[in-house]
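Take a look at the letters that make up each chain.
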Amino acid sequence: MFPKLYRSYPIFSIVFAIVLLFGCTAKQATTEVETEEELTKRALEIHDRVLTLDTHADTPLRMIEPGFNMAERHDPNETGSKVDYPRMKEGGLDAIFFAAFVAQDIRDDDGNTRAKALCLQMIDSITVSTQRNSDIVGLAINPDDAYELEKEGKRAIYIGIENGYPIGKDLSNIELYYEKGVRYITLVHSSNNDLADSATDSDGPEHGGISDFGAEVVKEMNRLGIMVDVSHGNDSVFYDAIALSKAPIIASHSNARSVTDHNRNMTDEMLKLMADNGGVVQLTMLADYLREAPPNAARDSAVAELRANMKPISEMTKDERLALRKSFQELNEKYPNPPATVQHVVDHIDHIVKVAGIDHVGIGCDFDGGGGIEGIFDASEVMNITIELVKRGYTEEQIEKIWSGNLIRVFKEVQAVAEQIQSSQA
Ligand SMILES: [Zn+2]
């Protein structure tokens, strides 16, 4: 059994056996029982290696505030701000879609004109911010830009639009936004608009999904190479978008309804269809979409009262926003809800992977738009998602798909479809 040398010298055989035994045990310990510390270290290394892309932040709402500097680190507890360039770096967040978000307002010429002006102001604020901070970030237009910028040690800043309202009634606005760098448009927001029905309009659906005008918008987005985003749309909007769009679609910030029952989340049937479509659902960090809170009537009526007396956030002064934030903080302290955690987030990811597969899930935190939970409170804490994924046994290859690979795949397909459409029309 042992080499000749050890057979002739029994003492060596015993020593060899002991070394072998202990050697094996030590080896087994490292492969089978990884300490918490070792696992975290391994997760952070993976987090560092893969491109991390968050598809939804409403940070332009901040960027248009006079004096708000993206190159400065802000204290989220003091200012409510969840994203700036220093915190993106701290969290190892390589790329982000900043959404120019325009709250739904009156649907007439005046309203549409105002919406367009605000949308352009937000897009310009993103462009200016990337120019001013070109040593640490870069404006990204194409899928590969994020990888190029990552190599240069810079954060990639993509632009999206949340709510198709600023398109107004004029299809040519879509090309204007595209030329400025917009690469996805969320068709609708919390209320119905001229394009589509919202999942949360208190008056219910108006068009039965996507309107005729909305169908024209989808067609134009396909021609240009802008991703069609169905988050905030009602279920019919999702089915219509799948049927209308020649390219795969995205949900830039939505979760799984069979895990957390909310209209903003997607049913298993929708998740399966999303897989057939080749699209992607980007998980979001909004507590109400991540876990069901026990009924709390006192809290509900206090929230309703606060909302009823509230004017649209985009019309508020800085002081009014601060006051509103304080009121919500007080309300949360008075009527606490159980926190949503990173475990809830990965429960949703597990479910989507089970139903739709690993190729159809990603991450869109919705920071500065209500996103932020215990353990993923702002951009500086997004690595905790990777740590939890590693804890649950996800491999680096799978984590890469979740953090960016899936979305980038869809983005490339959307561009390829646009090229086909344009060359067939030429
Ligand atoms: Zn949103």
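Residues numbered from 1 in each chain as written. Predicted model: local features only at pLDDT ≥ 70, side-chain atom pairs only at ≥ 80, totals over all residues. Heavy atoms only, no water.

Glancing now at the coordination of the zinc ion. Those protein atoms acting as donors to the zinc ion are Glu162 (OE), His232 (NE2) and His253 (NE2), and they sit at 2.0 to 2.2 Å. Positions of the donor residues of the zinc ion along the chain correspond to the pattern E-x69-H-x20-H. Within this pair, whereas Glu162 is found in strand β4 (residues 155–162), its partner His232 is found in the loop between β6 (227–229) and α11 (235–244), the two being separated by 70 residues in sequence. Here His232 falls in the buried class, since its relative accessible area comes to 8%. (Donors = N, O, S within 2.8 Å, 3.2 Å for Na, K, Ca; no water. Helix = DSSP H or I, 4+ residues; strand = E, 2+ residues; numbered from the N terminus. Buried < 20%, exposed > 50% of the residue type's maximum accessible area, 1.4 Å probe, protein only.)

Turning our eyes to something else, we now look at the side chain of Thr130. Along the polypeptide, Thr130 turns up in helix α7 (residues 109–132). Here Thr127 takes part through its backbone oxygen, which lies 2.7 Å from a polar atom of the side chain of Thr130. Among all residues touching Thr130, those that are not within four sequence positions of it are Tyr85, Val137, Gly138, Leu139 and Ile157. (Polar contact = N/O pair within 3.5 Å; in protein donor to acceptor, adjacent residues only side chain to side chain. Contact = heavy atoms within 4.5 Å.)

Let us now look at helix α10 (residues 212–224). An ideal rise of 1.5 Å per residue puts 18 Å on 13 residues; α10 measures up with 19 Å between its terminal C-alpha atoms. Restricting attention to buried positions, one finds in α10 the residues Phe213, Gly214, Val217, Val218, Glu220, Met221, Asn222 and Leu224. Buried residues in α10 make contact with α9 (172–179), β5 (182–186), β6, α11 and α18 (396–425). Positioned one or two residues after α10, Gly225 has a phi angle of 95°, which is positive. (Expected span 1.5 Å × (residues − 1).)

On the secondary structure map, Thr260 appears in the loop between β7 (250–251) and α12 (268–277). Setting aside its immediate chain neighbours within four residues, Thr260 contacts Asn265, Asp288, Tyr289, Leu290, Arg291, Glu292 and His348.

Applying the stated criterion across every chain yields a total of five aromatic pairs. Summarising the aromatic geometry, the rings of Phe97 and Tyr158 are spaced 4.8 Å apart at their centres and angled 15° between planes, so their arrangement reads as stacked. Taken together, the residues span a long stretch of sequence, with Phe97 in strand β2 (residues 95–101) and Tyr158 in strand β4 at a distance of 61 residues. For the pair formed by Phe97 and Tyr158, the shared burial category is buried. Geometrically, the ring pair formed by Phe238 and Tyr239 is edge-to-face, given 5.3 Å between the ring centres and 80° between the ring planes. A relative accessible area of 28% places Tyr239 in the partly exposed class. Cluster of aromatic residues (ring-pair linked, three or more members): Phe97, Tyr158, Tyr184 and Phe411. One Lys or Arg, Lys82, reaches over the ring of Phe377 and ends 4.3 Å from the middle of that ring. The ring of Tyr178 carries Arg183 above its face, with NZ or CZ at 3.8 Å from the centroid. (Phe/Tyr/Trp six-rings, centres within 6.5 Å; stacked < 30°, edge-to-face > 60°. Lys NZ or Arg CZ within 6 Å of the ring centre and 35° of its normal.)

According to the stated counting rule, one finds two cavities of 30 Å³ or more in the structure shown. Space inside the largest cavity adds up to approximately 70 Å³. What lines the largest cavity is a set of 15 residues, and nearest its centre among them are Val230, Gly233, Arg264, Met266 and Met270. Tallied by class, the residues present in the lining of the largest cavity amount to five nonpolar, seven polar and three charged. Roughly 40 Å³ of volume is contained in the second largest cavity. As for the second largest cavity, its lining consists of Gln104, Arg107, Asn112, Tyr165, Gly168, Asn193, Asp194 and Leu195. Considering only residue class, the lining of the second largest cavity consists of two nonpolar, four polar and two charged. (1 Å grid on protein atoms, 1.4 Å probe; cavity = no way out; pocket = protein on both sides within 12 Å on 5 of 7 lines; lining within 4 Å. Points joined across faces, edges and corners; volume = space filled by probe spheres on them. Nonpolar A, V, L, I, M, F, W, Y, C, P; charged D, E, K, R; others polar.)

That's the geometry; what it means functionally is another story.
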